[in-house]
Amino acid sequence: MHAFVTGLLLAAAAPAPSAQAAPAAPPAVTAPLCAIAAPCARPLPVRMVVVTMFEIGKDEGDTAGEFQLWKTRRNLHQRIPFPHGFHDLYYNPDTQILGVVTGVGSVRSAAAITALGLDTRLDLSRAYWLVAGIAGIDPEDASIGSAAWARYVVDGDLAHEIDAREIPKNWKSGYFPLDRKGPDDPAPPRTDGGEVFALNPDLTEWAYRLTRDVALPDDPGIARERARYTDHPNARKPPFVLIGDQFSAMTFWHGALLNRWANDHTRYFTQGKGQFVTSAMEETGTLQAIEYLSRIGRVDKDRVLVLRTGSNYTLPPPGVTAADYLLRENEGYAGLNASVESLYRVGDKVVTELLTHWDRYGKTPPK
């Protein structure tokens, strides 16, 4: 469940997250660009690609979506025209950080990342990738504002589906994998269908250990929201950093029954190794594109990290229907501001460490 719906536009009237952590550096010097879709003798070197999916309004100066804090605080001021993608790219020649906005959904993310990876103006061969987005978060595991590093991303779109009103009584869900005979088919999952992507486990663990003690923002608004989850101890905790896997599906789903489906689907395709924590819409497209690009040496798929922060819960608190809660959340997520701030604080610690010690990490990913 990616936290980008019409209601987010209504949230633009809310106060923007604090920018007190922004570095006070001047804009970087503009680096020369080659022509689009032409041979390039000197492509721009990129050490870090920050992949975001949406911005609410402007790229700077209003309520922040996923991209704005990165652009402002990391001085991504050099615009690189990107007509073959959703949103122009922004680059800092001094730090060699590239900021990307893919657009919402796995179709747009796959197209944008493929176009980016094949862009001759950029040298991405040694770049690290930080997919940094907000998400729905399972109250069984964490609270809004919390930040989860994914080991696995599981696809929730490649499936059979029967309308809920026609599900047989002995079926626990109307969804089941494409090559199965029903939701209770015990056959093991196939491994070549694009339903699951495993990230570099050493890199993920390293990122988690580096950031697990990062102080995350808290405020009375999200404290009130999490207090409603009286049946979920982890949902009531102040925001924290954890390892937790992502379920990626184009449909913005909500509710206890679909939450159980996401957990079951994640366990099935990871063969019990994964734990569903966050719900989003893009990563299967992003990771599929990176996997293909890695085959031709344009990128390195072992340098990819996925970080999602909870802007909303994936099921309602006790006493509230799924429909009522979903419609209320569409008017603006309780954890929007906290989640975009958490996203930057946690992700930037990893970015800083990688770039500060590029002499080491440029050659070999950390373990």
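Computed from a predicted structure; not experimentally measured. (Residues numbered from 1 in each chain as written. Predicted model: local features only at pLDDT ≥ 70, side-chain atom pairs only at ≥ 80, totals over all residues. Heavy atoms only, no water.)

Colleague: For the pattern of salt bridges, give the residues involved together with the corresponding values.
Modeller: This model, assessed by the stated rule, comprises 22 salt bridges. Between Lys172 and Asp264 there is a salt bridge, and its shortest N-O distance comes to 3.4 Å. A residue pair is termed long-range when its members are at least 10 positions apart, and Lys172 in the loop between strand E10 (159-161) and strand E11 (175-177) and Asp264 in helix H6 (residues 256-269) qualify at 92 residues. Accessibility expressed as a relative area gives 44% for Lys172, which makes it partly exposed. Judged by relative accessible area, which is 22%, Asp264 ranks as partly exposed. A salt bridge links Glu283 to Arg308, with the nearest nitrogen and oxygen atoms 2.7 Å apart. One end of the pair, Glu283, is in helix H7 (residues 283-295); the other, Arg308, is in strand E16 (residues 304-313), and 25 residues separate them in sequence. For the pair shown, Glu283 and Arg308 are each scored as buried. Put simply, Glu66, Glu282, Glu283 and Arg308 are held in one network by salt bridges that share partners. (Salt bridge = Lys/Arg side-chain N within 4 Å of Asp/Glu carboxyl O. Helix = DSSP H or I, 4+ residues; strand = E, 2+ residues; numbered from the N terminus. Buried < 20%, exposed > 50% of the residue type's maximum accessible area, 1.4 Å probe, protein only.)

Colleague: Run through the packing of aromatic side chains, naming residues and quoting values.
Modeller: Scanning the entire structure with this criterion turns up 14 aromatic pairs. Aromatic side chains Phe247 and Trp253 sit 6.4 Å apart centroid to centroid with 75° between the ring planes, which places their arrangement in the edge-to-face category. By relative accessible area, which is 0% here, Phe247 ends up buried. Its relative accessible area of 3% is what places Trp253 among the buried residues. A cation over a ring is seen here: Lys71 above Tyr90, with NZ or CZ 4.6 Å from the ring centre. Over the aromatic face of Phe240 sits the side chain of Lys237, whose NZ or CZ is 5.5 Å from the ring centroid. (Phe/Tyr/Trp six-rings, centres within 6.5 Å; stacked < 30°, edge-to-face > 60°. Lys NZ or Arg CZ within 6 Å of the ring centre and 35° of its normal.)

Colleague: Hey, could you go over the state of the cysteines for me, with residue numbers and the actual values?
Modeller: Summed over all chains, the structure comprises 1 disulfide. Sulfur-sulfur distance for the disulfide between Cys34 and Cys40 comes to 2.0 Å. Judged by the sign of its S-S torsion, about 65°, the bond between Cys34 and Cys40 is right-handed. (Disulfide = S-S within 2.5 Å.)

Colleague: Residue-level account of the nonpolar core, with values.
Modeller: Counting 40 residues, the largest nonpolar core has Met48, Trp70, Leu130, Trp149 and Val346 as its most contacted members. Not counting chain neighbours up to four residues away, the residues in contact with Leu130 comprise Met48, Val49, Val50, Val51, Trp70, Trp149, Leu305, Leu307, Gly347 and Val351. Ranked by size, the runner-up nonpolar core spans 31 residues in total, among them Val46, Leu98, Leu199 and Val299. (Core = buried A, V, L, I, M, F, W, Y, C linked by side-chain atoms within 4.5 Å. Contact = heavy atoms within 4.5 Å.)

Colleague: Give me the layout of surface pockets: which residues, what numbers.
Modeller: The rolling of a water-molecule-sized probe over the atoms marks out the regions of remaining empty space. Estimated volume of the largest pocket: approximately 350 Å³. Top contributing element to the lining of the largest pocket by residue count: H6, with 5 residues. Counted by class, the lining of the largest pocket contains 9 nonpolar, 5 polar and 3 charged residues. (1 Å grid on protein atoms, 1.4 Å probe; cavity = no way out; pocket = protein on both sides within 12 Å on 5 of 7 lines; lining within 4 Å. Points joined across faces, edges and corners; volume = space filled by probe spheres on them. Nonpolar A, V, L, I, M, F, W, Y, C, P; charged D, E, K, R; others polar.)

Colleague: If you had to explain the environment of Glu205 to someone new, which residues and values would you point to?
Modeller: Locating Glu205 in the fold gives a position in helix H4 (residues 201-211). Take Glu205: its relative accessible area is 30%, and that puts it in the partly exposed class. Linking Glu205 and Trp149, residues 56 residues apart in sequence, is a C-alpha distance of 8.4 Å.

Colleague: Please give an account of helix H5 (residues 220-227) that cites residues and values.
Modeller: The set of residues buried in H5 consists of Ile222, Glu225 and Arg226. All buried residues of H5 project into a common sector of 95° when viewed along the axis, lining one side. Along H5, exposed side chains directed more than 90 degrees from the buried face belong to Pro220 and Arg224. With a side-chain oxygen lying 2.8 Å from the backbone nitrogen of Gly221, the N-terminal cap of H5 falls on Asp219. (Arc of directions from axis to C-beta. Polar contact = N/O pair within 3.5 Å; in protein donor to acceptor, adjacent residues only side chain to side chain.)

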